[in-house]
Amino acid sequence: MLRLKDIIIGKPLHNSSLVHEKLTKIKALAVYSSDALSSVAYATEEILWVLAPIGAFALSFSLPISGIILLLLATLIMSYRKTIFAYPSGGGAYIVAKDNLGQLAGLVAGSSLVLDYILTVSVSIASGVAAITSAFPSLLPHTVALCLFFVLLLMIVNLRGIKEAATVFTLPTYVFIISLLTLIGIGIYKHSMGLPIPAAPINPVLGSTPQKYITLWILARAFSSGCTALTGVEAISNGVPNFKEPRSRNAALTLVSMGIIIVFLFGGTTFLAQILHVTPNSNETVISQIARLLTGRGWFYYLLQASTAAILILAANTSYNDFPLVFSLIAKDGYLPRQFSARGDKLVFSNGIITLSLLSAVLLVVFDGDTHNLLPLYAIGVFLSFTLSQVGMVVHWRKSKEAGWKTNLLVNGFGATLSGIVLVILATTKFIHGAWIVIVLIPLLIGSFLKIHKHYIDIAKKLRVDDQICEHPEHIKVIVPVATFTRVVVNTLEYATSISNDVTAVHIILDEEKSEKLESRWDSYYPNIPLVTLSSPYRAFLAPLIKYLESVEKTIKSHELIMVLIPEFITHKWWQYFLHNQTGLVLKSVLFFNKSYVIASVPYHISEPQKKVITEK
């Protein structure tokens, strides 16, 4: 089993290797920007899904809407740049909100991020598979299976460690950036030079509503759908500790670089969609349509589709870096199981990676791997965390009054105002389309955090060592369940007599013949240990034994202890364990939660059989 684990995720890394698991700016851009960059592949399409059913004239609003979204992007980039330098230890919205607005605000931000990261994996992989099925329509019936395959692949890659994941993701990210920029360049060149471009096919989704019926509500819905382009902006501020030194400076440069690239990719894609009159299609993505019209179905088309699918699938990796980190911070504060705060063999938070994979897989199955069905749930959590983070930074600057604090306060205050407005628009326009699920889940998640924290506080109080030391029991009564007379039983009885002079063996009669053999041998070996035999006409093992233990429990006095020692043998090969009756395991499971008994296993290891050596005479 250990060998198989080493093959899948590699050999464990020493703690001292953590310093070598840091990322350069080139690799960090691929790892932490893939979510935000990949949003370009579906953000324009989501705007068009709202506008196209209204009519051709409504499509002209796609460019101004994209412009407002890019202005918001610039504001968030400036705001999070301030956060990176103020909080070089990372943690993003959770740490900022907790430190400046209180623990409850931190939990709201943390739960928002957790839900958003789960949705990021689901949406990114669903979008990537949509790019594949656009190029190869015959794969459409296998959408969910493909999604689950890529979730499994990402989980394994991330379990192998940060540097290995970064190496895998670097090339596809840069191929996507270069190929999409090339496509945008080709489109702008052909359009400006008046070169012939095939007309986009007439799409039945295109409506014919008169211009006067285009309302502010419709434009707000289109804007909120396009805001999915901004998801992932906070990822770099969360992952600052994973950058090489000087980490804050490198993270800030990576953040600005990401913002500039998104401006060109998102703005260029929306511009091409407008001049080519491309409308959304359930069988083919907008980027696929643009590429087909400009370059045909040649090698460049398939390169773009492959890189788009890759970046969309790898965009989920942003969550694989940030979700386990946020989970570990919440766990360290005692609001999640402590296991999430521990690093695994490859110095990553393995439990968080596996949990993220399982939850994302469930979402993909429930929503049939359809991006359009998943997106209404998306971005609510992100903008809630954006808003709390920026408000927290405003409080931070007011308290610290560091050099330039007034300017920083204005930047973060403006960011908080804009993201708060967008949050209200998102919650309003997407509520009935599925956003209500996230709005309901956030308080439920916070309630779970608080319940876990209360449990840890209660346990800590009960386990605290104070002046009153636990009293040692005056007498130990040992009970050994015995099935047959074997070396396993002898091993347990020898141990029992070494810790107490009050030992009783208990045998349940399931087979009369075997019971008689046991009783006939018992007195000759252990005359000083009483053997209690209990009849069981219905061949039940547990019920008679538990009834006997309860009767013994009534006879013991205060400061006396009942200990149940369970004889067990360990097979030489792991698979042989499943060939034997697991009575001991069942008995431990039943008795474990009874505070009246101390339960212990006494293992007997069966050695490997000796090989016969034939020697020549």
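Residues numbered from 1 in each chain as written. Predicted model: local features only at pLDDT ≥ 70, side-chain atom pairs only at ≥ 80, totals over all residues. Heavy atoms only, no water.

### Examining the overall build of the protein
Working step 1: Helix and strand counts for the protein stand at 22 helices and 5 strands.
Working step 2: Sequence-distant contacts, at least 24 apart, represent 80% of the contacts inside the protein between residues at least 6 apart.
Working step 3: Surface accessibility of the protein: about 30100 Å² in total, with carbon and sulfur atoms responsible for 64%. (Helix = DSSP H or I, 4+ residues; strand = E, 2+ residues; numbered from the N terminus. Contact = heavy atoms within 4.5 Å. Areas by Shrake-Rupley, 256 points an atom, 1.4 Å probe, with all protein chains shown as cover.)

### Things to note about the packing of aromatic side chains
Working step 1: Under the defined criterion, the tally for this structure stands at 12 aromatic pairs.
Working step 2: Seen in terms of ring centroids, Tyr 80 and Phe 386 are 5.7 Å apart; in terms of plane orientation they differ by 65 degrees. Their pairing is edge-to-face. Of this pair, Tyr 80 sits in helix H4 (residues 62-86) while Phe 386 is found in helix H16 (residues 380-400), placing the two residues 306 residues apart along the sequence.
Working step 3: Under the relative-accessibility criterion, Phe 386 is labelled buried at 0%.
Working step 4: An aromatic cluster of three or more residues is present, and its members are Phe 485, Trp 522, Tyr 525 and Tyr 526.
Working step 5: For Arg 338, the ring lying beneath its charged end belongs to Tyr 456, and the centroid distance is 4.4 Å.
Working step 6: The ring of Trp 405 carries the charged tip of Lys 401 above its face, separated from the ring centre by 4.9 Å. (Phe/Tyr/Trp six-rings, centres within 6.5 Å; stacked < 30°, edge-to-face > 60°. Buried < 20%, exposed > 50% of the residue type's maximum accessible area, 1.4 Å probe, protein only. Lys NZ or Arg CZ within 6 Å of the ring centre and 35° of its normal.)

### Here we look at a negative patch on the surface
Working step 1: A cluster of acidic side chains, namely Asp 511, Glu 512, Glu 513, Glu 516, Glu 519 and Asp 523, defines a negative patch on the protein surface.
Working step 2: Relative accessible area serves as the criterion here: at 39%, Glu 519 is assigned to the partly exposed category. (Patch = residues over 30% accessible without salt bridge, like charges linked within 9 Å, V, L, I, M, F, W, Y side chains within 5 Å. Salt bridge = Lys/Arg side-chain N within 4 Å of Asp/Glu carboxyl O. Lys, Arg positive; Asp, Glu negative; His and termini not counted. Charge placed at Lys NZ, Arg CZ, Asp CG, Glu CD.)

### Side note on the sheet that holds strand S4 (residues 560-570)
Working step 1: The strand order across the open sheet built from 5 strands is S3-S2-S1-S4-S5, with neighbouring strands paired in parallel fashion. Strands at the two margins of the open sheet, each flanked by one partner only, are strand S3 (531-535) and strand S5 (597-605). Adjacent strand axes in the sheet meet at a mean angle of 30 degrees, parallel and antiparallel pairs treated alike.
Working step 2: The strands that helix H19 (residues 487-499) touches are strand S1 (475-481), strand S2 (503-509), S4 and S5; relative to S4, the one it contacts most, it runs at about 150 degrees. (Pairing = 2+ DSSP bridges. Axes fitted to C-alpha atoms, helices over the stretch in contact; angles between N-to-C directions.)

### Focus: the packing of helix H6 (residues 103-135) against helix H13 (residues 299-332)
Helix-helix packing: each pair is described by the crossing angle between the helix axes and the interaxial distance.
Working step 1: At a closest axis distance of 8 Å, the pairing of H6 and H13 adopts a crossing angle of 165 degrees. Between H6 and H13, the interaxial angle falls into the category roughly antiparallel. Between H6 and H13 lies a crossing whose hand is left-handed.
Working step 2: In terms of residue class, the contact of H6 with H13 is made up of 21 nonpolar, 9 polar and 1 charged. (Parallel < 35°, antiparallel > 145°, perpendicular 65-115°, else oblique. Left-handed = near helix turned anticlockwise from the far one by under 90°. Nonpolar A, V, L, I, M, F, W, Y, C, P; charged D, E, K, R; others polar.)

### A look at the pattern of salt bridges
Working step 1: Considering all chains together, one arrives at 5 salt bridges under this definition.
Working step 2: Residues Lys 98 and Asp 333 are paired through a salt bridge, measuring 2.9 Å at the closest nitrogen-oxygen approach. With Lys 98 in helix H5 (residues 92-101) and Asp 333 in the loop between H13 and helix H14 (350-366), the pair connects residues that are 235 residues apart, well separated along the chain.
Working step 3: Of the residues examined, Asp 333 reaches a relative accessible area of 24% and is grouped as partly exposed.
Working step 4: For Glu 245, the salt bridge goes to Arg 247, with nearest N and O atoms at 4.0 Å.
Working step 5: A relative accessible area of 27% places Arg 247 in the partly exposed class.

### Overview of the nonpolar core
Working step 1: Core analysis: the largest hydrophobic core is formed by 132 residues, its most contacted members being Ile 125, Phe 266, Ile 290, Tyr 320 and Phe 383.
Working step 2: Leave out the neighbours within four places in its chain, and Phe 383 touches Leu 72, Cys 227, Leu 230, Ser 419, Val 422, Leu 423 and Leu 426.
Working step 3: Listed in part, the 17 residues of the second largest apolar core include Val 489, Val 503, Ala 505 and Trp 522. (Core = buried A, V, L, I, M, F, W, Y, C linked by side-chain atoms within 4.5 Å.)

### Here's the deal with the confidence of the model for the protein
Working step 1: For the protein, per-residue confidence averages 80 on the pLDDT scale, and residues scoring 70 or more make up 87% of the total.
Working step 2: For the stretch residues 612-617, pLDDT sits under 50, and the model shows 0 contacts to residues farther than four places along the chain or on other chains. (pLDDT = per-residue confidence, 0-100.)

### Side note on unusual backbone geometry
Generally, phi is negative for residues other than glycine and the peptide bonds are trans, each holding for most cases.
Working step 1: The linkage connecting Glu 245 with the following residue, Pro 246, adopts the cis geometry, with an omega of -5 degrees.
Working step 2: Structurally, the position occupied by Pro 246 is in the loop between helix H10 (235-238) and helix H11 (247-275).
Working step 3: If you check the backbone angles, His 277 has positive phi at about 60 degrees while not being a glycine.
Working step 4: Considering the arrangement of structural elements, one finds His 277 in the loop between H11 and helix H12 (286-295).

### Some points on the pairing of S1
Working step 1: Summarising burial for S1: 6 of the 7 residues are buried, a large majority.
Working step 2: Of the pairings in the sheet, the one linking S1 to S4 comprises 5 bridges and is parallel in character. Each residue of the ladder has a partner; that of Lys 477, found in S4, is Ile 562.
Working step 3: In the sheet, S1 pairs with S2 via 4 bridges, with the strands oriented parallel.

### Considerations on H14
Working step 1: Between the first and last C-alpha of H14 there are 25 Å, a value that for 17 residues agrees with the 24 Å anticipated at 1.5 Å per step.
Working step 2: All of the buried residues along H14 are Ser 350, Gly 352, Ile 353, Leu 356, Ser 357, Ser 360, Ala 361, Leu 363 and Leu 364. Taken around the axis of H14, the buried residues stretch over an arc of 165 degrees, which confines them to a single face. Seen from the buried face of H14, the exposed residues on the opposite side, beyond 90 degrees, are Leu 358, Val 362 and Val 366.
Working step 3: Asp 368 lies just past H14 and shows a positive phi near 55 degrees. (Expected span 1.5 Å × (residues − 1). Arc of directions from axis to C-beta.)

### A short note on the environment of Leu 363
Working step 1: Structurally, Leu 363 can be placed in helix H14.
Working step 2: Residue classification places Leu 363 among the buried residues on the basis of a relative accessible area of 17%.
Working step 3: With sequence-adjacent residues up to four places away left out, Leu 363 is seen in contact with Ile 118, Leu 119, Ser 122 and Leu 374.

### Section: the environment of Thr 484
Working step 1: On the secondary structure map, Thr 484 appears in the loop between S1 and H19.
Working step 2: When the C-alpha atoms of Thr 484 and His 507 are compared, they prove to be 8.4 Å apart, with 23 residues separating the residues in sequence.
Working step 3: Those residues in contact with Thr 484 that sit more than four places away from it in its chain are Val 489 and Leu 518.

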